[in-house]
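Report on the structure
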Amino acid sequence: MLFDYETYKIIWWCFVGVLLIGFALTDGFDFGVGMSLPFLGRSDTERRVIINTIGATWEGNQTWFIAAGGCLFAAWPLVYAAAFSGFYIALMLCLFALFFRPVGFDYRSKIADPRWRGTWDWCLFVGGLVPPLIFGVAFGNLLQGVPFRYDDTMRLTYSGNFLGLLNPFGLLAGMLSVTMLLMHGATYLGQKTEGVIAARARKAAVGAAALTTVLFAGAGVWIALGIEGFRITAMPEANSAFMPNAKTVVAATGAWLDNYARWPLMQALPVAAFVGAGMVIVFTARRMALAAFLASGLAVASIILTAGAAMFPFIMPSSLAPGSSLTAWDAVASHKSLAVMFWVVVIMLPIVVAYTGWVYRVVRGKVTEAHILENQHTTY
């Protein structure tokens with residue numbers, strides 16, 4: 001095998017992070033466009049313009065989510081099992097909300113009835129709003145710890161419930177997720193449309209960027225002063241295979257800042273998030289649509305990286321029994337499995353990225369009302 005076990009554990013932490021960021025950057029603006037649809041489009045034609053900005057690419061973008069889920073199952077099987085036990089209802093709500101997207105895109109324009117089309121517009125809104133909200137709430141709960149534990153025979157017990165996930169910090173994280181993807185979607189619309197739609201998108205981008213900045217700052221202060229983080233105080237050799245209960249973990253206020261003190265260069269991540277959101281406002285004001293979209297991508301990626309860097313090596317901390325927390329060291333598949341899948345990712349990921357780039361090159365350019373009116377039966 002090319003690397004030792006510890007190195008593969010770190011590599012797979014990075015791989016999963018790359019896939020999640022890829023999902024947020026691509027399908028993220030799809031969600032943002034969907035949740036802004038009823039508000040930025042004032043007529044049927046305007047709403048069709050908005051829908052068709054993502055109509056050719058949303059399915060491909062969603063494969064990043066599927067790939068991330070597959071890697072989670074393959075690389076971190078214990079996390080996959082624990083997450084579906086603890087977040088089952090939330091994940092089912094997310095799945096049902098995602099159902100609205102394919103049927104909404106395909107059925108909306110089948111009947112020229114305002115009530116029919118208006119209903120599907122709101123279905124697309126739900127499909128754009130609910131998944132980011134649930135993902136954000138889930139991540140907010142990960143930062144607080146999830147109430148689960150393993151016994152001596154590695155049987156999992158989860159003592160939480162769905163309503164318990166809707167705590168103040170979880171809802172704050174959910175709102176941050178919604179606003180940052182709304183910002184991303186609005187900047188995307190700003191450079192894919194023109195006229196009144198682009199003007200409304202610019203206003204939405206500025207407002208969402210400002211809210212994202214405030215919520216991100218508030219979440220950071222809350223994490224530093226009001227939430228107990230987790231730190232490992234003792235564990236077996238990281239290059240070995242061991243069960244979660246073999247380590248010792250303590251919860252302490254400010255523990256999520258340990259990595260930033262240990263590796264000061266990581267402090268560039270939250271700074272980049274604030275800079276990206278600020279540049280969205282600046283570039284949008286100057287009508288630099290593509291630059292605003294790229295700045296939005298920087299902000300989204302940096303926010304995710306900020307949280308991920310703070311948690312490393314924790315993946316799913318336990319508030320009920322901190323020693324049962326799942327980390328990059330003990331929640332992973334076997335050494336051989338990680339090694340085989342490493343080559344699958346190394347070969348396939350560049351192909352996916354290249355294909356995605358080619359697709360966006362093919363569909364480049366703005367979507368206009370004239371284009372929709374001239375292609376009534378071939379556009380959404």
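Residues numbered from 1 in each chain as written. Predicted model: local features only at pLDDT ≥ 70, side-chain atom pairs only at ≥ 80, totals over all residues. Heavy atoms only, no water.

**Considerations on the overall build of the chain**
Rules: Helix numbers and strand numbers start at the N terminus; a helix is a DSSP run of H or I with at least 4 residues, a strand a run of E with at least 2. Radius of gyration means the value over C-alpha atoms here, while the globule rule gives 2.2 Å times the residue count to the 0.38 power. Per-residue accessibility, obtained with a 1.4 Å probe over protein chains only, is compared with the maximum for each type, and a residue is labelled buried under 20%, exposed over 50%, and partly exposed between these values. Only heavy atoms matter for contacts: two residues are in contact if any of them lie within 4.5 Å across the pair. Where accessible areas are quoted, they stem from the Shrake-Rupley method and a 1.4 Å probe; at the residue level, only the protein chains shown are allowed to cover. Charge convention: Lys and Arg are scored as positive, Asp and Glu as negative, and His as well as the terminal groups of each chain are ignored. Charge coordinates come from a single atom per side chain, which is NZ of Lys, CZ of Arg, CG of Asp or CD of Glu.
Within the chain, the secondary structure is distributed over 14 helices and 6 strands. A globule of 380 residues ought to have a C-alpha radius of gyration of about 21 Å, and the chain, at 21 Å, matches this closely. Viewed in the frame of its principal axes, the chain has a C-alpha envelope of about 65 × 40 × 40 Å. Relative to its 380 residues, the chain shows a buried fraction of 50%. Once local pairs closer than 6 in sequence are excluded, the contacts in the chain between residues at least 24 apart make up 80%. Counting every atom, the chain has about 17,200 Å² of accessible surface; 70% of that belongs to carbon and sulfur. The distance from the centre of the 24 positive side-chain charges to the centre of the 19 negative ones in the chain is 7 Å.

**Points about the packing of aromatic side chains**
Condition: Between 30 and 60 degrees the pair is tilted, below 30 it is stacked and above 60 it is edge-to-face, where a pair is any two Phe, Tyr or Trp rings, Trp via its six-membered ring, whose centres lie within 6.5 Å.
Enumeration according to the criterion identifies 34 aromatic pairs in this entry. Geometrically, the ring pair formed by Phe3 and Tyr8 is edge-to-face, given 5.5 Å between the ring centres and 75 degrees between the ring planes. Taking relative accessible area as the criterion, Tyr8 reaches 0% and is therefore assigned buried. Ring geometry for Tyr80 versus Phe84: centroids 4.7 Å apart, planes at 40 degrees, classification tilted.

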